[in-house]
Amino acid sequence: MNHSLNSRQIFLWRIAIYFIFALPGFAIASWVSRTPTIRDALGATTAQMGWIIFGLAVGSIIGLLCASHLIAHKGARYVIVVGLLVSSVGLVIVGIGGSWLTNGTTLFLGLAVFGFGNGIGDVAMNVEGTAVERASQKSLLTGFHAAFSVGTLLGAIAGSAAIQSGISVTVHLGIVAAIIVVSGIYLCQLVPAGTGKETRNNSNEPPMSAKERMAVWKERRTVLIGIIVLGMAFAEGSANDWLPLVMVDGYKVTPATGSFAFGLFVGAMTIGRATGGILLDRFGRVTVLRTSALSAIAGILIVILGPSYEVATVGIVLWGFGAAFGFPVGLSAAGDDPRGVAARVGAVSTAGYLAFLVGPPILGIIGESVGLLRALIVVLVAITVAGFLAHAAKPIEKENI
């Protein structure tokens, strides 16, 4: 499909994908940074904000489920551009609903549009990522996901600066949307057209039908990889949503110290993903997945059983490093076969996002009864299952890859 590209074109394609991965991280962090301001402007309760934010989950899931069909018909580059444009429109609507109109319904709709754009764009980016890996013959997807984390960090810093400068939510999110549209359109010019597009020309086999694309959900290997990603994404999502509270409630530290603990987790995960390509090329997917599962298990056990906050921080670093690999490595494995790559990457992405969206609320319900520290045992079980199934991510041998 992209065999005719020279080394410079592949290099530029790779660099573009790093930056494209950073854009949604920048956008999401920009929205999250303004949630306290928006909540105060709306006068919303925590429960009301929970329902409003649910719009993001609804849009994201719909986008993830639609993505593989869109990519199969139009190609990943086209879907990335559309995803960035749609998410930027959603961000503008969020800015208007959260600051200018101060209307919860408008905000919900804006978040749904934002989530849909992110959902289709996320799958398309990962499809491009797996294609760059094949073209470069290097493990790159963990590095692309590290770029997303860097984008999130930059978005949080920019959001903090906007708040300090007294810039309104509408103006702030409008500027972010403009940056994403302009930079996204420029970067996509460096990305080859047609990645993931199912045509009769890019394979010796006929293109996948819609029925075949849905059938990937029944493939044994895809299901097992989905379970791996589900377990490891649960490890990441539970920390994202609960780690500061786990430390505050479990170790009686201040909220600022709890936030610092979360920063350690994000830092460890970002470093893990930045170095992941080297580890994967040297040791292979299965070994890296099993080792990362053991690291996450050891880390969470230390957090649950640790005698002090200082000991628990060691566990947090191990947890962060362990949680770094499951999602990107699973997506890389799902993309081994160019035929149906969008359908498989879409299925595995959906499993991961379900863990992000559904897992943490379940943890909260369990934590209400037994405490958040003990509730982490559920996460331990999920990671253990993921570690046992790591063999499913072994690269497949196929002549036309």
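Residues numbered from 1 in each chain as written. Predicted model: local features only at pLDDT ≥ 70, side-chain atom pairs only at ≥ 80, totals over all residues. Heavy atoms only, no water.

A.B. asks: Can you break down the overall build of the protein residue by residue, with the values?
C.D. replies: When you go through the protein residue by residue, the secondary structure sums to 15 helices and zero strands. In terms of overall dimensions, the protein is globule-like: its C-alpha atoms have a radius of gyration of 20 Å, near the 21 Å expected for 401 residues. Each principal axis of the C-alpha atoms in the protein carries an extent, and together these give about 60 × 50 × 40 Å. Per-residue burial for the protein yields a buried fraction of 52% across its 401 residues. Within the protein, residue pairs in contact and separated by at least 24 positions form 84% of the contacts whose partners lie at least 6 positions apart. As displayed, the protein offers around 17,400 Å² of accessible surface, 67% of which is attributable to carbon and sulfur atoms. (Helix = DSSP H or I, 4+ residues; strand = E, 2+ residues; numbered from the N terminus. Rg over C-alpha atoms; globule rule 2.2 N^0.38 Å. Buried < 20%, exposed > 50% of the residue type's maximum accessible area, 1.4 Å probe, protein only. Contact = heavy atoms within 4.5 Å. Areas by Shrake-Rupley, 256 points an atom, 1.4 Å probe, with all protein chains shown as cover.)

A.B. asks: Explain the pattern of salt bridges to me, using residue names and the numbers behind them.
C.D. replies: Side-chain pairs of opposite charge can arise where the charged atoms are in close proximity. If you walk through the whole model with that rule in mind, you get five salt bridges. Here Asp336 and Arg221 are joined by a salt bridge, their closest N and O atoms 2.9 Å apart. Residue Asp336 is located in the loop between helix 13 (326-334) and helix 14 (341-370), and its partner Arg221 is located in helix 9 (residues 220-251); the two are separated by 115 residues in the primary sequence. Classification of Asp336 as buried rests on a relative accessible area of 10%. Close ionic contact of Arg273 with Glu236 constitutes a salt bridge, the shortest N to O distance being 2.9 Å. Of this pair, Arg273 sits in helix 10 (residues 255-283) while Glu236 sits in helix 9; the two residues are 37 residues apart in sequence, bridging distant segments of the chain. (Salt bridge = Lys/Arg side-chain N within 4 Å of Asp/Glu carboxyl O.)

A.B. asks: Tell me about the state of the cysteines, residues and numbers included.
C.D. replies: Here the structure, examined in full by the defined rule, presents zero disulfides. There is no disulfide at Cys66, and the cysteine sulfur nearest it, in Cys188, is 19 Å away. For Cys188, a relative accessible area of 4% puts it in the buried group. (Disulfide = S-S within 2.5 Å.)

A.B. asks: Tell me about the packing of aromatic side chains, and please be specific about residues and values.
C.D. replies: In the structure shown here, the tally under the stated rule is seven aromatic pairs. Both rings, one in Trp51 and one in Phe54, keep their centres 5.9 Å apart while their planes meet at 80 degrees; by these two values the pair is edge-to-face. With Trp51 and Phe54 both in helix 3 (residues 46-74), this residue pair falls three residues apart, about one helical turn. The class for Trp51 is exposed, based on a relative accessible area of 62%. Ring-pair connections join several aromatic residues into one group, and the members of that group are Tyr18, Phe21 and Phe144. The cationic tip of Lys74 hangs over the ring face of Tyr78; the distance from NZ or CZ to the ring centre is 5.4 Å. (Phe/Tyr/Trp six-rings, centres within 6.5 Å; stacked < 30°, edge-to-face > 60°. Lys NZ or Arg CZ within 6 Å of the ring centre and 35° of its normal.)

A.B. asks: Got a sec to walk through the environment of Val381? Specific residues and values, please.
C.D. replies: Among the secondary structure elements, Val381 is positioned in helix 15 (residues 372-388). With 84 residues separating them in the primary sequence, Val381 and Ile297 have C-alpha atoms 8.8 Å apart.

A.B. asks: Before we move on, can you summarise the packing of helix 1 (residues 7-33) against helix 7 (residues 169-188) with the specific residues and values?
C.D. replies: Taken N-terminus to C-terminus, the directions of helix 1 and helix 7 make an angle of 170 degrees; their axes are 10 Å apart at the nearest point. Regarding the angle of helix 1 to helix 7, the classification is roughly antiparallel. Residues Ala16, Phe19, Ile20, Leu23, Phe26, Ala27, Ser30, Trp31 and Ser33 of helix 1 form the contact with helix 7, whose own contacting residues are His172, Leu173, Val176, Ile180, Ser183, Gly184, Leu187 and Cys188. (Axes fitted to C-alpha atoms, helices over the stretch in contact; angles between N-to-C directions. Parallel < 35°, antiparallel > 145°, perpendicular 65-115°, else oblique.)

A.B. asks: I'd like a rundown of a nonpolar patch on the surface, residues and numbers included.
C.D. replies: Taken together, the side chains of Val223, Ile227, Ile377, Val381 and Val385 define a hydrophobic patch exposed on the protein surface, amounting to about 360 Å² of accessible area. Ranked by residues supplied to the nonpolar patch, first place goes to helix 15 with three residues. By secondary structure assignment, the location of Ile227 is in helix 9. When its relative accessible area of 33% is taken as the criterion, Ile227 is described as partly exposed. (Patch = residues over 30% accessible without salt bridge, like charges linked within 9 Å, V, L, I, M, F, W, Y side chains within 5 Å.)

A.B. asks: Before we move on, could you go through the environment of Asp122 and cite the residues and values that matter?
C.D. replies: Of note, Asp122 is situated in helix 5 (residues 104-136). Overall, Asp122 belongs to the buried group, its relative accessible area being 9%. Discounting chain neighbours no more than four positions away, the residues touching Asp122 are Leu64, Ser349 and Tyr353. A distance of 2.7 Å separates a polar atom in the side chain of Asp122 from a polar atom in the side chain of Tyr353. (Polar contact = N/O pair within 3.5 Å; in protein donor to acceptor, adjacent residues only side chain to side chain.)

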